[in-house]
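# Per-entry structural report
If you want the building blocks of each chain, they are given just below.
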Amino acid sequence: MNIQIWVSQITQFFRHLISANSRIGLLSIFLSLCLLFLSGCQGTVKQENGVIHLTLWQGINPPANRDVFEKLVAKFNQTHADVQIESIYAEGLPKILTAVVGNVPPDILLFYPQTTGQLVELGAVRPLDDWLDKLPEKSQIVPSLFEEMQLDGHIWSVPLYTANMGVFYRPRLFEEAGITEIPKTWEELRQVAKKLTIDRNGDKRPEQYGILLPLGKGEWTVFSWLPFLWGAGGEIVTNKQPNLTSQAAVTALQFWQDLIKDGSAMLSSPERGYEEDAFVGGRVAMQITGPWTYIMKSNIDYQAFPIPSNIKSATAIAGSNFYVMKTQPAREEAALKFLEYVLSEEFQTEWSIGTGFLPVNIKAAQSKAYQQFIHKQPVLKVFLEQMSVAQTRPIISQYNRLSDSLGRAIESSLLGESVQQALQTSQKRLELIWVEK
């Protein structure tokens, strides 16, 4: 590898690590540099007897879902004599970026769509427009997912699965509180949360709270709050500029703070807003999460309802997408065969029934097998119906910086700081490092 190119890539690599706020120790940085130096001149050719062997990196969790995926990969390998996929469990953006700049990327990558901007900026992935335009399955992809697939006029990824945020609740606790209708607006949600908050011994520390709110500055907190911002008519990027101080942002964050002031919201442990122990144990009656939740595998009573609306109804899409990494033309074409398989009705039906995620293929969602499945799991209908109002988080290269600043504002306000002050502080911090693309 040309040393000037290598140095340039290293510089860009560390810039991305900083923008992603990765907590990487000196040892891991040293090991990453060793990997880059030792592998910088290596190619990715792996072909035997006319069979192209491809590597696929994925971080699918929990292990039960990974098992479903591995079985589907095995089915592909059995039916494709010319292409064989090796699925490897690999987590973490730093590892991915290290492999990219070291010229040893996988052939196929499964990762969160919010990394698209960084991968495109590094020139690591090939656009999929020409291929997808010729694919019959394109017309079967759920329309709301295209926003997460495209950036700057090109399609860069295709989804493995989709889902969105809703509110899980305990019907028994609703019944005990005399609540007969689910809340449809923010104000109704606030009143229901009050009724569900119970201090049984009078010590001013409720044994049961109305709702759990995620404490922390991480992505889960931002992800959980964005449906409320969108429901208030707001956006976090306007005209390519960060916009954390809009009236909609103030309104949405003030609503969360009001739930805290009412005493009807329980804060999660720091950066643990996705944990469900309090809900399963009956210490909270409502929790913001999606159909991937362990709640659906528990023995407790549960149901779900859409995110209540303010100006409009909205929710946030949760998904993971496949990228074809830039390697060699023959390998890229072989990788596209696997992506075609992923988008198929057959794959999507089996994957969705096995994991609980929603199909990205409309025919799969309408299939007899999947309809029988959701008849047994009617809570999934809530999330299927919400897809029509689901929105995607930005996939721009600076999303990590944006999310970090927004997360800090949400955390500060939940801990008592003025909503306006928290958002203004984060906006100013973001403007210092924001570079318009």
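See the structure above.
Residues numbered from 1 in each chain as written. Predicted model: local features only at pLDDT ≥ 70, side-chain atom pairs only at ≥ 80, totals over all residues. Heavy atoms only, no water.

### What about the overall build of the protein chain?
How we decide: For helices the rule is a DSSP run of H or I covering at least 4 residues; for strands it is a run of E covering at least 2, with both sets numbered from the N terminus onward. Only protein chains enter the calculation, and the probe is 1.4 Å; a residue is then buried if its accessible area is under 20% of its type maximum, exposed if over 50%, and partly exposed in between. It only takes one pair of heavy atoms within 4.5 Å for two residues to be counted as in contact. Here the open area of atoms and residues is found with the Shrake-Rupley method and a 1.4 Å probe, where only the protein chains shown may cover a residue.
Of the regular secondary structure elements, the protein chain holds 19 helices and 16 strands. Per-residue burial for the protein chain yields a buried fraction of 55% across its 437 residues. A separation threshold of at least 6 residues defines the contact pool for the protein chain, and within that pool the share at least 24 residues apart is 77%. Accessible surface computed for the protein chain: about 19,400 Å², of which carbon and sulfur atoms make up 53%.

### Some details on the environment of Glu 147
Residue position: Glu 147 is located in helix H7 (residues 146-149). Residue Glu 147 is classed as partly exposed on the basis of its relative accessible area of 48%. Counting along the chain gives 244 residues from Glu 147 to Gln 391, while the straight-line C-alpha distance between them is 8.2 Å. Once you skip the residues sitting within four places of it in the chain, Glu 147 turns out to touch Thr 392 and Ile 395.

### Things to note about the side chain of Thr 392
To be explicit about the condition: Throughout this description, a polar contact denotes any pair of N or O atoms lying within 3.5 Å of each other; where both atoms belong to protein, one of them has to be capable of donating a hydrogen while the other can accept it, and for residues adjacent in sequence the pair is counted only when both atoms sit in side chains.
Note on placement: Thr 392 falls in the loop between strand E16 (390-391) and helix H18 (399-414). Overall, Thr 392 belongs to the buried group, its relative accessible area being 7%. At 3.1 Å, the side chain of Thr 392 and the side chain of Glu 148 are in polar contact. What Thr 392 contacts, discounting residues up to four positions off in sequence, is Gln 114, Glu 147, Glu 148, Trp 230 and Ile 317.

### Some words on unusual backbone geometry
For the bond running from Asn 61 to Pro 62, omega is -5°, close enough to zero to count as cis. Examined against the element boundaries, Pro 62 turns out to sit in the loop between strand E2 (51-58) and helix H3 (63-79). Here the phi dihedral of Lys 204 falls at roughly 65°; this positive angle occurs in a residue that is not glycine. Mapped onto the elements of the fold, Lys 204 is located in the loop between helix H9 (186-195) and strand E9 (211-213). Of note, Glu 271 is a non-glycine position whose phi angle comes to about 60°, a positive value. Take Glu 271: its relative accessible area is 32%, and that puts it in the partly exposed class.

### Comments concerning the nonpolar core
Side chains that are nonpolar tend, in soluble globular proteins, to be buried together. This is how it is decided: The set of buried Ala, Val, Leu, Ile, Met, Phe, Trp, Tyr and Cys residues whose side-chain atoms join them within 4.5 Å is what this entry labels a nonpolar core.
Core analysis: the biggest nonpolar cluster contains 114 residues, and Met 286, Phe 322 and Phe 338 have the highest contact counts within it. With 20 residues, the next largest nonpolar core counts Leu 93, Ile 96, Val 100 and Leu 119 among its residues.

### Here we look at the pairing of E2
To keep it simple, the criterion reads: Two strands are counted as paired when DSSP detects at least two bridges linking them. Crossover handedness is defined by viewing with both strands directed away from the observer: a clockwise path from the first strand over the helix to the second marks the crossover as right-handed.
The buried fraction of E2 amounts to 7 of the 8 residues, a majority that puts the element mostly inside the structure. Judged from the 7 bridges that link them, E2 and strand E3 (residues 83-89) form a sheet pairing that is parallel. Its bridge partner lying in E3, Ile 52 is registered against Val 83. Note that the unit made of E2, H3 and E3 has a crossover that is right-handed. Pairing analysis gives 2 bridges linking E2 to strand E4 (residues 108-111), with the strands arranged parallel. Looking across to E4, one finds that Leu 56 is bridged to Ile 108.

### A closer look at the packing of H9 against helix H11 (residues 247-261)
For the record, the criterion: Interaxial angle, 0 to 180 degrees, is taken between N-to-C directions of lines fitted to C-alpha atoms, where a helix line uses only the stretch in contact. An angle below 35 degrees is treated as roughly parallel, one above 145 as roughly antiparallel, one from 65 to 115 as roughly perpendicular, and anything else as oblique. Put simply, a crossing is left-handed when the front helix is turned counterclockwise from the back one by less than a right angle, and right-handed when it is turned clockwise. All amino acids are sorted into three groups, where Ala, Val, Leu, Ile, Met, Phe, Trp, Tyr, Cys and Pro are nonpolar, Asp, Glu, Lys and Arg are charged, and the leftover types, Gly among them, are polar.
Relative orientation of the contacting elements H9 and H11 amounts to 15°, with a least axis distance of 11 Å. Considering the angle they form, H9 stands roughly parallel to H11. Pair H9 / H11 crosses with right-handed handedness. Of the residues in H11, those in contact with Trp 186, Leu 189, Arg 190 and Ala 193 of H9 are Thr 251, Ala 252, Phe 255, Asp 258 and Leu 259. A class-by-class count of the residues in the contact of H9 with H11 yields 6 nonpolar, 1 polar and 2 charged.

### Comments concerning H18
For clarity, the threshold we go by: Multiply 1.5 Å by the residue count of a helix minus one, and that product is the helix's expected span.
Taking 1.5 Å as the rise per residue, H18 with 16 residues should run 22 Å; its terminal C-alpha atoms sit 22 Å apart, in good agreement. Taking burial as the measure, the 16 residues of H18 include 13 buried ones, the bulk of the element. At the exit of H18 stands Gly 416, carrying a positive phi of roughly 115°.

### So, H11
Between its first and last C-alpha atoms H11 spans 20 Å; for 15 residues at 1.5 Å apiece the expected length is 21 Å, and the two agree. Burial in H11 covers these residues: Ala 248, Ala 249, Val 250, Ala 252, Leu 253, Phe 255, Trp 256, Gln 257, Asp 258 and Leu 259. Note on H11: the residue one or two positions beyond its end, Gly 263, has a positive phi of about 80°.

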